[in-house]
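Coordinates in review
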Amino acid sequence: SSLNHIGIETHLIKRINMREQLIKLVEIIPIEFIVRNIATGSLTKRLGIEEGTILEKPLLEFCYKNDSLGDPLIAREHIYAFNYCDSTTLDFITNQCFRVNDFLQGMFKGIGIKLVDFKLEFGRTKREEIGASVEKILIADEISPDTCRLWDVVSEKKLDKDRFRKDLGNIIQAYQEVARRLGIMHEETNICRQRESQSFDSFLLLPQQSQ
Ligand code: UDP
């Protein structure tokens, strides 16, 4: 995968076909890691930051993964207090988040798209090595227009799930546009069978289908 090429490990082992992929079994860390480059969505609502404000530095936020609580924003201290992960792991993940941001920002810039924000999830995988259990932290879940905000550089047109969330229509065309610009356009027939709200699993995780 593209991320593997820059030394970032993900759960993907291989793509089996358009719908299925073989992945490593991980225990998901119950935190959504949100990286923001431009203020929009919940950040503007929560803090009254003006929509579209370019952030001086990328901002990393932590949300506790719990649908019934509405995935609340939490502080680093909550992560330690409730033992969601330790400080070494959190430092590693923080670094990975910013590296992925740099990589994706550059990739999208090259195809005329602004990476506004996105969400990552990480998982733990355990492996036995000479009698000892070694833990690894991998990116899991997906990176796709369902989990990123993507705006066209010129028109600022939304090319992501906000088209569904805000009822803007043409979501399939927007996703196709991103895929076309990335050079990973799916077959027309498969696209047509997709339900509008269905996620394109690992649409960007990972565009190239190498192991
Ligand atoms: N996001 C996601 N899953 C979630 C929550 C957020 O993929 O459960 C992504 C979302 O697509 C956006 C970023 O995280 O790219 C920041 O979302 P925000 O907190 O602004 O969400 P909102 O509450 O505005 O939907």
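Residues numbered from 1 in each chain as written. Predicted model: local features only at pLDDT ≥ 70, side-chain atom pairs only at ≥ 80, totals over all residues. Heavy atoms only, no water.

**Regarding the confidence of the model for the chain**
Worth spelling out the cut-off: What pLDDT conveys is the predictor's confidence in a given residue, as a value from 0 to 100. Should any heavy atoms of two residues lie within 4.5 Å, those residues are counted as being in contact.
Residues at a pLDDT of 70 or more form 88% of the chain, whose mean pLDDT is 89. Within the model, pLDDT remains below 50 along residues 189-202, and this stretch shows 29 contacts once partners closer than five positions in the same chain are excluded. Counted against residues more than four places away or in other chains, residues 206-211, with its pLDDT under 50, gives 15 contacts.

**Description of unusual backbone geometry**
A negative phi holds for most residues other than glycine; trans holds for most peptide bonds. Rules: The helix count covers DSSP runs of H or I at least four residues long, the strand count covers runs of E at least two residues long, and both are numbered beginning at the N terminus.
Not every positive phi belongs to a glycine, and D71 is a case in point at roughly 45°. Following the sequence through the fold, D71 ends up in the loop between β5 (54-64) and β6 (73-74).

**Thoughts on helix α4 (residues 87-109)**
The condition is simple: Given a helix with a known number of residues, its expected span is that number minus one, times 1.5 Å. Each residue's exposure class comes from its accessible area (1.4 Å probe, protein chains only) as a fraction of the maximum for that residue type: buried when under 20%, exposed when over 50%, partly exposed otherwise. The term polar contact refers here to a pair of N or O atoms within 3.5 Å; inside protein, the definition further demands a hydrogen-donor-capable atom paired with an acceptor-capable atom, and it admits residues adjacent in sequence only when both atoms are side-chain atoms.
Taking 1.5 Å as the rise per residue, α4 with 23 residues should run 33 Å; its terminal C-alpha atoms sit 32 Å apart, in good agreement. Turning to α4, its buried residues number three or more, namely T89, L90, I93, T94, Q96, C97, V100, N101, L104 and F108. At the N-terminal boundary of α4, the capping side chain belongs to D86, with an oxygen 3.3 Å from the backbone nitrogen of T88.

**Notes on the site of the ligand**
Short version of the rule: If a single non-hydrogen atom of a residue is within 4 Å of a molecule or strand, that residue counts as near it. Residue-level accessible areas treat just the shown protein chains as cover; the underlying method is Shrake-Rupley with a 1.4 Å probe. Gly is placed with the polar residues, together with every amino acid not listed as nonpolar (Ala, Val, Leu, Ile, Met, Phe, Trp, Tyr, Cys and Pro) or charged (Asp, Glu, Lys and Arg).
Taken together, 14 residues form the shell around the ligand, and within it R36, S42, D117, R149 and R165 come nearest. The separation between an oxygen atom of the ligand and a polar main-chain atom of T147 is 3.5 Å. One of the side-chain nitrogen or oxygen atoms of R149 is found 2.8 Å away from an oxygen atom of the ligand. For the ligand, whose unbound accessible area comes to 520 Å², protein coverage reaches 77%. The set of elements that each furnish at least two residues to the shell around the ligand consists of β4 (31-38), α2 (41-47), β7 (113-129) and β9 (148-152). Among the residues making up the shell around the ligand, the classes are represented as three nonpolar, three polar and eight charged.

**Some details on the pattern of salt bridges**
Going by this rule: Think of a salt bridge as a Lys or Arg side-chain nitrogen and an Asp or Glu carboxyl oxygen that are within 4 Å of each other.
The final tally for this structure, using the stated rule, is 18 salt bridges. Residues D162 and R165 are paired through a salt bridge, measuring 2.6 Å at the closest nitrogen-oxygen approach. Of the two residues, D162 and R165 both sit in helix α5 (residues 162-165), three residues apart, roughly one turn of that helix. Classification of D162 by relative accessible area gives buried; the value is 2%. The exposure class assigned to R165 is partly exposed, which follows from its relative accessible area of 47%. Connected via shared salt-bridge partners are R36, R46, E61, D117, R149, D162 and R165.

**Some details on the pairing of β4**
Worth spelling out the cut-off: Whether two strands pair depends on DSSP finding at least two bridges between them.
Of all eight residues making up β4, eight are buried, and the element is well covered by its neighbours. With four bridges connecting them, β4 and β7 associate as antiparallel partners. By the bridge assignment for β7, I34 is matched with K119.

**Re the packing of aromatic side chains**
Here is the rule we go by: Any Phe, Tyr or Trp ring, taking Trp's six-membered ring, that has another such ring centre within 6.5 Å forms a pair; planes under 30 degrees apart are called stacked, those over 60 apart edge-to-face, and the others tilted.
The full count for this structure, using the stated rule, is four aromatic pairs. Each ring, one from F82 and one from Y84, has its centre 6.1 Å from the other, and the planes form 40°; the classification is tilted. Residue class for F82 comes out exposed when judged on its relative accessible area of 51%.

**Brief notes about the pairing of β5**
Looking at chain direction, β4 and β5 are connected through seven bridges and run antiparallel. Bridging across to β5, I31 finds its partner in Y64.

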